Amino acid sequence: MQLSAVDIERFQREGFLILPGLFSPAEVGRLKARLPALFAERCPENYREKLSDDVRSAFALHRRDPLFASIAAHPRLLGPARQILGEDFYLQQAKVNVKAPFTGEAFQWHYDFATHHRGDGVPEPLALNLHVFLDDVNQFNGPLIFIPGSQRQGEAPVSLDDKTTSYPLWTVDNAAVARLVDAGGMVASTGPAGTALIFGDLMVHCSPPNCSPWPRCIYSSIVNPLSNAFTSHARQPFQHERDMTPLRPLSDDCLLAAA
Ligand SMILES: O=C(O)CCC(=O)C(=O)O
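Residues numbered from 1 in each chain as written. Predicted model: local features only at pLDDT ≥ 70, side-chain atom pairs only at ≥ 80, totals over all residues. Heavy atoms only, no water.

### Description of the overall build of the protein chain
Of the regular secondary structure elements, the protein chain holds nine helices and 13 strands. Against the compact-globule benchmark of 18 Å for 259 residues, the protein chain has a radius of gyration of 17 Å, which places it among compact chains. Among the 259 residues that make up the protein chain, the fraction classed as buried is 56%. With an accessible surface of roughly 10,600 Å², the protein chain has 58% of that area assigned to carbon and sulfur atoms. On the protein chain, the mean spot of the 23 positive side-chain charges and the mean spot of the 28 negative ones are 2 Å from each other. (Helix = DSSP H or I, 4+ residues; strand = E, 2+ residues; numbered from the N terminus. Rg over C-alpha atoms; globule rule 2.2 N^0.38 Å. Buried < 20%, exposed > 50% of the residue type's maximum accessible area, 1.4 Å probe, protein only. Areas by Shrake-Rupley, 256 points an atom, 1.4 Å probe, with all protein chains shown as cover. Lys, Arg positive; Asp, Glu negative; His and termini not counted. Charge placed at Lys NZ, Arg CZ, Asp CG, Glu CD.)

In structure tokens:
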């Protein structure tokens, strides 16, 4: 899988790409089938919603299940990432963000570099988020919302929110969000299961609660160039992985071939 010149130009301009149909229903189905057992584990890698106890995020999935190790090294994700980054990179984080029907809560406005820089000592905003929808994502079940072009405006002012959700987050002030939305508008990233998203470390984004009866599960890798590695061990290894082996793509059928 290679991005076209048009895709790359759009990524540089808007800061994100939505790639429908990157993974097949059979591939998504195999990944989804692994989730109930992973979510049942009571472990620090499973963050739960404060109110409902439903899993909100399940981390380190590449170390907990071989099929998730395969998607973390999937050529359809690593190929585009290599084109954008132009150098070797390691797997910084591998998780699923869940948003259970009715109980899945919001992710406040933020950009990931605020956490990667302050929490992990990552020098530059180069990391990429590579997402794959494991459910259909629509306007009702909590899609990610992007502010196109916000990544070109530098670092917006942030403050640490460790009160509202089960995941402390450096969040962007409302006044800064309003200014950015005024300039760039908002795009809800929706699409059928198997759709992929790519976005960078300065992209300002959020997602509303899931107020629908439908699940909304999204796989997410964060990859970071070796030249831009973490310098702090303050956060847990499942939040920022310590293994800096360069990611190398597996075969294109790895999700269907794996046991
Ligand atoms: O899963 C979501 O709704 C939000 C994910 C997110 O904010 C992120 O991956 O940085």
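This is not the end of the story, as more comes after the structure.
### Topic: the nonpolar core
By size, the foremost hydrophobic cluster in this structure holds 41 residues, and its most contacted members are Val-96 and Tyr-219. The element contributing the most residues to this core is helix 6 (residues 75-85), with five residues. Of all hydrophobic cores here, the second largest spans 19 residues; its members include Ile-145, Ile-147, Ala-156 and Phe-230. (Core = buried A, V, L, I, M, F, W, Y, C linked by side-chain atoms within 4.5 Å.)

### Observations regarding the layout of surface pockets
Considering only enclosed or pocket space, the largest pocket measures out at about 260 Å³ in volume. Phe-11, Pro-125, Leu-126, Leu-128 and Gly-200 are the residues nearest the centre of the largest pocket, which is lined by 16 residues in total. Looking at the lining of the largest pocket, the elements with two or more residues in it are helix 1 (5-14) and helix 6. For the lining of the largest pocket, the residue count by class is ten nonpolar, four polar and two charged. (1 Å grid on protein atoms, 1.4 Å probe; cavity = no way out; pocket = protein on both sides within 12 Å on 5 of 7 lines; lining within 4 Å. Points joined across faces, edges and corners; volume = space filled by probe spheres on them. Nonpolar A, V, L, I, M, F, W, Y, C, P; charged D, E, K, R; others polar.)

### Quick notes on the sheet that holds strand 1 (residues 16-19)
If you trace the seven strands from one edge of the open sheet to the other, you get 1-11-6-13-4-3-2, paired in antiparallel fashion. Each edge of the sheet is formed by a strand with only one pairing partner; in this case those strands are strand 1 and strand 2 (46-48). Within the sheet, the average angular offset between the axes of one strand and its neighbour, ignoring direction, is 15°. In this sheet, strand 13 (residues 218-225) lies alongside strand 6 (residues 128-133) in antiparallel orientation, the contact comprising six bridges. What sits directly across from Phe-133, in strand 13, is Ile-218. On the sheet, helix 6 packs against strand 4 (89-97), strand 6, strand 11 (196-200) and strand 13 and is oriented at approximately 155° with respect to strand 6. (Pairing = 2+ DSSP bridges. Axes fitted to C-alpha atoms, helices over the stretch in contact; angles between N-to-C directions. Contact = heavy atoms within 4.5 Å.)

### Details of helix 7 (residues 112-120)
Most of helix 7 is tucked away: seven of the nine residues are buried. Those residues of helix 7 lying buried are Asp-112, Phe-113, Ala-114, Thr-115, His-116, Gly-119 and Asp-120. Remark: Gly-121 follows helix 7 within two positions and exhibits a positive phi of approximately 65°.

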